[in-house]
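# Tertiary structure, described
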Amino acid sequence: MLTLAIQKSGRLNEKTINLLKECGILIESSKNGQLKTVSENFPIQILHLRDDDIPECVTDSIADIGIVGENVYLEKQKSLDIIEYLGFSKCRLSIAVGKNQKYKSIKDLAGMRIATSYPNILQNFLDVKKVKATIHQISGSVEIAPSIDLADAICDIVSTGSTLISNGLKEVETVIKSQAILVANPSLSEKKREILERLLFRIRAVRKAKSFKYVVLNTPDKSIEKIKTILPGMKSPTIMPLAQKGWSSLHSVIEEDKFWENIANLKEAGAQGILVVPIEKMIN
Ligand code: PRT
Ligand code: ZN
């Protein structure tokens, strides 16, 4: 049995549970503050924790693996194996100053008081940039620190940027980019590693499927070669004749982020009736 620590509630929770569901792993949700739940159909038990406690729990082998924001993992300075970047809960840790404050370069941070909940990451960043500033560690509502004269700048998590704007701040430096990651204790037993590999296989199939789309289109036979170069597919596209002579149906997969770039090329090559369908799982 493998023990996975996940966030009990908050921004990571729903997406983590969804990922497990998409991997076909059924778990009970943590009702009535339950700390531990067991999967009905996969050898895994779930510890429901505050995200800040996850790196330490995995380090201390209370959990074998954990899903946590890279920002929290880096701040806690624990030495775990990063097994996989999961692509959700993307954000950045940024430095912001008052919107009317003059700011030309990072040197302008010298001598400032910077409020943050991420003192370790910030100190490391300032050291690398050779800037001397004072770090004020506060645990919440960092964005109001400048308005109550507790700090001259802040270093906090930014996603859309609207919290900064509504507090009269402007983003001036990105300290790190972050997303949810799967971390593991470096000394897992052989048996646990096997279960982790099975889990990872499923996570990768789900994630890969999300970045591809299944494409079905009709094409005049004379355009097939050209369309094949635009849509190479996993091995090569499937081509089937249509009832109408001189036409074929072509099935292939395409990377989601290349789709819009290629759609004009497909039309230009003569493709018609283009259908784009989501893929649930993708295994090479
Ligand atoms: O209770 P627990 O300790 O488990 O949770 P928490 O309150 O410490 O964390 P939570 O649930 O807020 O966030 C969990 C993780 O989600 C973070 O560690 C990040 O990895 C990630 N994440 C992604 C975010 C955001 N986006 C985010 N926007 N974490 C926080 N924010 C906050 C930010 O602190 C700021 O107050 O949202 C505000 C900024 O958002 P924008 O969209 O206005 O820029
Ligand atoms: Zn937290």
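Check the entry above for the structure.
These lines cover the structure that appears in this document, whether it is placed above or below. (Residues numbered from 1 in each chain as written. Chains lettered and ligands numbered in written order. Predicted model: local features only at pLDDT ≥ 70, side-chain atom pairs only at ≥ 80, totals over all residues. Heavy atoms only, no water.)

## Description of the overall build of the protein chain
- When its secondary structure is counted, the protein chain shows eight helices and 15 strands.
- A compact globule built from 284 residues should have a C-alpha radius of gyration of about 19 Å, whereas the protein chain, at 24 Å, is more than 25% larger.
- Taken along its principal axes, the extent of the C-alpha atoms in the protein chain is 75 × 50 × 35 Å.
- Every one of the 284 residues in the protein chain was classed for burial, and the buried ones make up 46%. (Helix = DSSP H or I, 4+ residues; strand = E, 2+ residues; numbered from the N terminus. Rg over C-alpha atoms; globule rule 2.2 N^0.38 Å. Buried < 20%, exposed > 50% of the residue type's maximum accessible area, 1.4 Å probe, protein only.)

## What to know about the coordination of the zinc ion (ligand 2)
- Of the protein atoms, only Asp-51 (OD) and Asp-52 (OD) coordinate the zinc ion (ligand 2), at distances of 2.0 to 2.1 Å.
- Around the zinc ion (ligand 2), the four donor atoms are arranged such that angles at the metal cover 76 to 169°; this shape is classified as irregular.
- Overall, the relative accessible area of 28% leaves Asp-52 in the partly exposed class. (Donors = N, O, S within 2.8 Å, 3.2 Å for Na, K, Ca; no water. Tetrahedral: all angles 85-135°; square planar, octahedral: opposite > 155°, others 65-115°.)

## Some points on the sheet that holds strand β10 (residues 169–178)
- Strand order across the open sheet formed by five strands is β8-β7-β9-β6-β10, with mixed pairing between neighbours. At either end of the open sheet lies a strand with only one pairing partner, and these are β8 (134–137) and β10. Between one strand and the next, the sheet's axes are offset by a mean angle of 30°, whatever the strand orientation.
- Note: strand β7 (residues 113–116) against β8, four bridges, orientation parallel. What sits directly across from Ile-114, in β8, is Ile-135. (Pairing = 2+ DSSP bridges. Axes fitted to C-alpha atoms, helices over the stretch in contact; angles between N-to-C directions.)

## A closer look at the pairing of strand β4 (residues 65–69)
- The buried fraction of β4 amounts to five of the five residues, a majority that puts the element mostly inside the structure.
- Looking at chain direction, strand β1 (residues 2–7) and β4 are connected through two bridges and run parallel. The residue bridging Leu-4 from the neighbouring strand is Ile-65, located in β4.
- Relative to strand β11 (residues 180–184), β4 runs antiparallel, the two being bridged by five bridges. Bridging across to β11, Gly-66 finds its partner in Val-183.

## Some thoughts on the site of ligand 1
- Among the 21 residues in the neighbourhood of ligand 1, the closest are listed as Asp-52, Asn-71, Thr-160, Gly-161 and Thr-163.
- Residue Asp-51 places a side-chain N or O atom 2.8 Å away from an oxygen atom belonging to ligand 1.
- One nitrogen or oxygen atom from the main chain of Ser-159 is found 2.8 Å from an oxygen atom belonging to ligand 1.
- Relative to its unbound accessible surface of 840 Å², ligand 1 loses 78% to contact with the protein.
- Every element with two or more residues in the shell around ligand 1 is listed here: α3 (70–76), β9 (153–158) and α5 (162–166).
- It is β9 that contributes the most residues to the shell around ligand 1, three residues altogether.
- Split by residue class, the shell around ligand 1 holds five nonpolar, eleven polar and five charged.
- Lining the shell around ligand 1 are residues from two domains, each supplying at least three of them: domain 1 (2–87 + 179–209) and domain 2 (91–178). (Near = heavy atom within 4 Å. Polar contact = N/O pair within 3.5 Å; in protein donor to acceptor, adjacent residues only side chain to side chain. Areas by Shrake-Rupley, 256 points an atom, 1.4 Å probe, with all protein chains shown as cover. Nonpolar A, V, L, I, M, F, W, Y, C, P; charged D, E, K, R; others polar. Domains from an automatic or database assignment.)

## As for unusual backbone geometry
- Unlike most non-glycine residues, Lys-130 shows phi in positive territory, near 55°.
- Along the chain, Lys-130 falls in the loop between α4 (119–128) and β8.
- Overall, Lys-130 belongs to the exposed group, its relative accessible area being 75%.
- Residues other than glycine seldom take positive phi values, yet Asp-149 does so here, at roughly 55°.

## Here's the deal with the sheet that holds strand β14 (residues 247–255)
- If you walk across this open sheet you meet the four strands as β13-β14-β12-β15, and the pairing is antiparallel. The strands lining the two open edges of the sheet, one partner per strand, are β13 (238–241) and β15 (272–278). Neighbouring strand axes in the sheet, compared pairwise and without regard to direction, differ in orientation by 20° on average.
- For strand β12 (residues 212–220) and β15, the ladder comprises five bridges, and the chain directions are antiparallel. Directly across from Val-215, in β15, lies its bridge partner Val-276.
- Lying over the sheet, helix α8 (residues 259–268) contacts β12, β14 and β15, oriented at roughly 160° with respect to β15. (Contact = heavy atoms within 4.5 Å.)

Functional significance is not addressed by these values, which are geometric in nature.
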